[in-house]
Amino acid sequence: EHAHAHHNHQIHPPAPGATGSTTALSPKNYYELHLRALEELPTLEDYLLGIAQGDAQQPNMTPGMMPQTPTSGGGQPAFTMRELYDCVQYCPNVLSRLYLQICAASALIRSGEVGTRWVLKDLIQAVKCVQNPVRGLFLRHYLLQAIRDKLPNEPIPP
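Please read all numbers here as calculations on a predicted model, not as lab measurements.

Here the focus is helix 3 (residues 81–88). Considered for burial, the residues of helix 3 that qualify are M81, L84, Y85 and V88. Projection of helix 3 onto a plane perpendicular to its axis shows the buried side chains occupying an angular sector of 105 degrees, all on one side. At its buried positions, helix 3 is contacted by helix 2 (27–53), helix 4 (94–111) and helix 5 (116–127).

Okay, here's the thing in structure tokens:
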């Protein structure tokens, strides 16, 4: 009987990859944050693609304020889009990493460096790890929004 009296006081270890910065947003607040992300992430996608193509420009900045785009010395970009796609996966916060991964994946598909099927399979595996239903719903919505115009015409084999 004593064991049952304390069942609501269990201590749970942090999830792997958790940074301790979790927030308890209501679904309404999370929806508002999601809408804001949908507005801003396409700009980041364009910027990442610009870095990989060597012509990144900061939006809403005068030419004197723009940082130099990294180049390898011969006028070539210092990073490929595939390298940038891999780089965003080092973000320590799981949910932020997945949003960045989808954003970079969309730019990677646009760059043509890697086949669409490979990128989609990688993303599908990545988004399966989100167990919170609200966060998972909004993440999958962003995934569909980001890649809807990049989907292949034929089905992806299992």
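What follows continues from the structure just given.
Taking 1.5 Å as the rise per residue, helix 5 with 12 residues should run 16 Å; its terminal C-alpha atoms sit 17 Å apart, in good agreement. Restricting attention to buried positions, one finds in helix 5 the residues V119, L120, L123, A126 and V127. One face of helix 5 carries all of its buried residues, which in axial projection span an arc of 125 degrees. Those residues of helix 5 that are buried lie in contact with helix 3, helix 4 and helix 6 (133–147).

Moving on to the side chain of E45. Within the element layout of this structure, E45 appears in helix 2. E45 has contacts with C103, S106, A107, R110 and K150, leaving out every residue within four places of it along the chain.

The subject of this paragraph is the side chain of S106. If you trace the backbone, S106 turns up in helix 4. With near-sequence residues (within four places) excluded, S106 lies in contact with E45, A146 and K150.

Summarising the model, the protein chain shows a mean pLDDT of 78, and 71% of its residues fall at 70 or more. Counted against residues more than four places away or in other chains, residues 1–21, with its pLDDT under 50, gives 6 contacts.

The subject of this paragraph is the packing of helix 4 against helix 5. It is the contact of helix 4 with helix 5, at a shortest axis distance of 10 Å, that shows an interaxial angle of 170 degrees. Classified by the angle their axes make, helix 4 and helix 5 are roughly antiparallel. Contacts from L98, Q101, I102, A105, L108 and I109 in helix 4 reach T116, W118, V119, D122, L123, A126 and V127 in helix 5. Class assignment of the residues belonging to the contact of helix 4 with helix 5 gives a composition of 10 nonpolar, 2 polar and 1 charged.

Calculation rules
Residues numbered from 1 in each chain as written. Predicted model: local features only at pLDDT ≥ 70, side-chain atom pairs only at ≥ 80, totals over all residues. Heavy atoms only, no water. Buried < 20%, exposed > 50% of the residue type's maximum accessible area, 1.4 Å probe, protein only. Helix = DSSP H or I, 4+ residues; strand = E, 2+ residues; numbered from the N terminus. Arc of directions from axis to C-beta. Contact = heavy atoms within 4.5 Å. Expected span 1.5 Å × (residues − 1). pLDDT = per-residue confidence, 0-100. Axes fitted to C-alpha atoms, helices over the stretch in contact; angles between N-to-C directions. Parallel < 35°, antiparallel > 145°, perpendicular 65-115°, else oblique. Nonpolar A, V, L, I, M, F, W, Y, C, P; charged D, E, K, R; others polar.

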